[in-house]
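A closer look at the structure
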Amino acid sequence: MRQKVKTASLTSRRIAALDAVPRRSPVVRSEMEGGKLRVTVKMNAGRWQRMLGANATVNRTFGLDKYGQQVYEACDGKRTVKEIVKGFAEETHVSLPEAETAVTKFIHTLLCKALLVIEMERPSK
Amino acid sequence: MTALVSENLESYTGVRLAPLAWAGWQLHIPSDWRPLKIYGTPEKGWMMVGDAYCACFSIHWQQSNGSVSDGKQWATDRLKRLGLFPDSSPPSAERFSACAWARDVQSEEEKKTTHWFGYSESADLLLGLKVNGALPEEHRDSMKHDVLSSLQTSPADDETIWTLYGLSLVSPPNFKLVERHLYMGDVALRFQKNRQESLMLRQVYPGGLALGRRNFERWLASYPFSEHRRMRASSVTISSWQHPNFEDLVGLRRRGCKRLGIPLGGIMPRWNHALAVQDQTLDRLLIAEHSASVMPDENICENAIAQMNRPLRESL
């Protein structure tokens, strides 16, 4: 019974995550350099950095290759994660399960680096 | 060779279908299903297939090696062992020497399991397929109309098709699968014939990303399986190569000799012919490496490269 409840909860969380719409966060600078897209975003400085005299906010730059750029640019605030996965699978000719794993992991990385924000409903428990 | 189940088909429920082939059998699955676990050898093994939520079915195979005289009796006996009686008109009956099934067997509350058993004399293969009884109704329909009805085998003495994760490889006759390397974006299978000859087929994708990290030569040098012999630099010749029939298959050809370390270098050297090409249509890096005790036949690698992802390339 407990296993069934756990599976149902995982399922609803997965559906909620795939239906979510990621959006690029405002960037300070975005430029192409050596075939890579370099995106600079403003982030809060870490506690230790502030204690050592750094400013409250710092600029951080991330480089995205061709495939990273493709996913990043698809996060336009209109398409769901599911649609981005489908588009990536079609463009790169990889299978849907592989595209889903790669794209969702990459979106998670972009969220952690504050390059994306995502709005989603809290999944039902 | 039996024609590989084609790409771009739609399922009974309107979902896109993808081919899945392993160890001599082939079928269609909805494109969001994937192999979850593969166990055993081409002689005897099983594969579990499912989607992101649960296992949908498992398929067991075993080479009969002439142990089955009456296929119909064997299939019926398998059902009887499970305490089941065979139902009429099993799917794919026209493509098997004998088969039997028991559909929607209520094993537990809310569970309806389907069992299918078949024997193919030309493929020398016994197959058993069990559908997860806890599947939702639409998945169970898809199993009956798409998966079970598309099941077929290829003759035992013919080329064998290996298809999963949207890629396909074809091994020449009499080459047996001995090792596999199945990772996301990097799939390799190693086949052996008479312990003297070995063929490694590999696909790395996306090809642009793979070649951005290593060039063709370094990809050829990185063998995905462990081996005692090493390529001797003095024996290596590398030349550019393009497939005569497919202009989009361009890359390198390497010929050379792999030997054991000093002082055993003179013992059983392996002559090697390898091709690494970029499939510019599908953006994949395709590698085929053939080793033998004498200089291997170059056509084997060339054919293996030409046959990789053929149904997918033809459907584009």
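In this text the structure is predicted, and so the values were computed from the model without any measurement.

A word on the overall build of chain A
Looking only at helices and strands, chain A has five helices and five strands in total. Shown N-terminal to C-terminal, the secondary structure of chain A runs as helices and strands in the order α-β-β-β-α-β-α-α-α-β. Going through the 125 residues of chain A one by one, you find that 21% of them count as buried. By sequence separation, contacts in chain A at least 24 residues apart represent 55% of the contacts at least 6 residues apart.

Quick look at the sheet that holds strand β5 (residues 44–50) of chain B
Pairing between the strands of a sheet is mediated by backbone hydrogen bonds and can be parallel or antiparallel. All names here are of chain B. The strand order across the open sheet formed by six strands is β4-β5-β6-β9-β8-β7, and the pairing between neighbours is antiparallel. Only two strands of the sheet have a single neighbouring strand rather than two, namely β4 (34–40) and β7 (98–106). Within this sheet the neighbouring strands show an average axis-to-axis angle of 10 degrees, counted without direction. Where strand β6 (residues 55–63) lies against strand β9 (residues 125–131), seven bridges are found, and the strand directions are antiparallel. Each bridged residue has a counterpart across the sheet, and for Gln-63 the counterpart in β9 is Leu-125.

Comments concerning the sheet that holds strand β2 (residues 29–33) of chain A
Residues and elements named next belong to chain A. Pairing is antiparallel across the open sheet formed by three strands, whose spatial order is β2-β3-β4. Each edge of the open sheet is held by one strand with a lone partner, namely β2 and β4 (57–64). Between one strand axis and the next, the sheet turns through 25 degrees on average, direction left out of account. Sheet topology places strand β3 (residues 36–44) next to β4; eight bridges connect them, and they run antiparallel. What sits directly across from Asn-44, in β4, is Thr-57.

Here we look at the interface of chain B and chain A
In this assembly, 15 residues from chain B lie in contact with 13 residues from chain A. Across the side of chain B that touches chain A, the residue classes tally to nine nonpolar, three polar and three charged.

Topic: the nonpolar core
Within the largest apolar cluster, 92 residues are counted, with the highest numbers of intra-cluster contacts made by Trp-25, Ala-276 and Ile-305 of chain B. In terms of residue count, helix α5 (residues 96–112) of chain A provides more of this core than any other element does, six residues in total. The residues touching Trp-25 of chain B, leaving out its near neighbours within four places in the chain, are Trp-61, Leu-125, Leu-127, Leu-151 and Thr-153 of chain B.

A closer look at the pairing of strand β15 (residues 197–204) of chain B
Residues and elements named next belong to chain B. Burial analysis of β15 places eight of its eight residues in the buried class, the great majority of the element. Residues Glu-197, Leu-199, Leu-201 and Gln-203 of β15 are buried on one face, and the alternating residues Ser-198, Met-200, Arg-202 and Val-204, pointing to the opposite face, are buried as well. Examined bridge by bridge, strand β14 (residues 186–193) and β15 share eight bridges and lie antiparallel to one another. Paired with Lys-193 across the bridge in β15 is Glu-197. Between β14 and β15, which pair antiparallel in sequence order, lie three residues; one of them, Asn-194, sits at a positive phi of approximately 55 degrees. Bridging between β15 and strand β20 (residues 284–292) involves seven bridges; their strand directions are antiparallel. Counterpart to Ser-198 in the pairing with β20 is Ser-291.

What to know about the packing of helix α3 (residues 66–74) of chain A against α5 of chain A
Residues and elements named next belong to chain A. It is at 11 Å that the axes of α3 and α5 come closest, and there the two elements cross at 75 degrees. It follows that α3 is roughly perpendicular to α5 by the angle criterion. Of α5, the residues touching α3 (which contributes Gly-68, Val-71 and Tyr-72) are Val-103, Phe-106, Ile-107 and Leu-110. The residue inventory of the contact of α3 with α5, partitioned by class, reads six nonpolar, one polar and no charged.

Rules used in this analysis
- Per chain, residue numbering runs from 1 following the sequence as it is written.
- As a convention, the first chain written is A and the first ligand written is 1, with the rest following in written order.
- Restriction of local features to residues with pLDDT of at least 70 applies here, the model being predicted, together with a cutoff of 80 or more for giving and counting side-chain atom pairs; totals for whole chains, interfaces and linings are based on all residues.
- Numbering goes from the N terminus for both helices and strands, where a helix is a DSSP run of H or I of at least four residues and a strand is a run of E of at least two.
- Exposure criterion: with C-beta atoms placed from backbone coordinates, a residue whose C-beta has 20 or more other C-beta atoms within 10 Å is buried, one with 12 or fewer is exposed, and one in between is partly exposed.
- C-beta atoms are placed from the backbone for every residue, and two residues are taken to be in contact when these atoms lie within 7 Å.
- By this definition, two strands are paired if DSSP reports at least two bridges between them.
- Note on definitions: angles span 0 to 180 degrees between N-to-C directions of axes, and those axes are lines fitted to C-alpha atoms, for helices only across the stretch in contact.
- Three categories are distinguished: nonpolar for Ala, Val, Leu, Ile, Met, Phe, Trp, Tyr, Cys and Pro, charged for Asp, Glu, Lys and Arg, and polar for the others, with Gly belonging to the last.
- Each nonpolar core comprises buried Ala, Val, Leu, Ile, Met, Phe, Trp, Tyr and Cys residues, the members being joined through C-beta atoms within 7 Å.
- Here is the rule for angles: anything less than 35 degrees is roughly parallel, anything more than 145 is roughly antiparallel, 65 through 115 is roughly perpendicular, and the remaining ranges are oblique.

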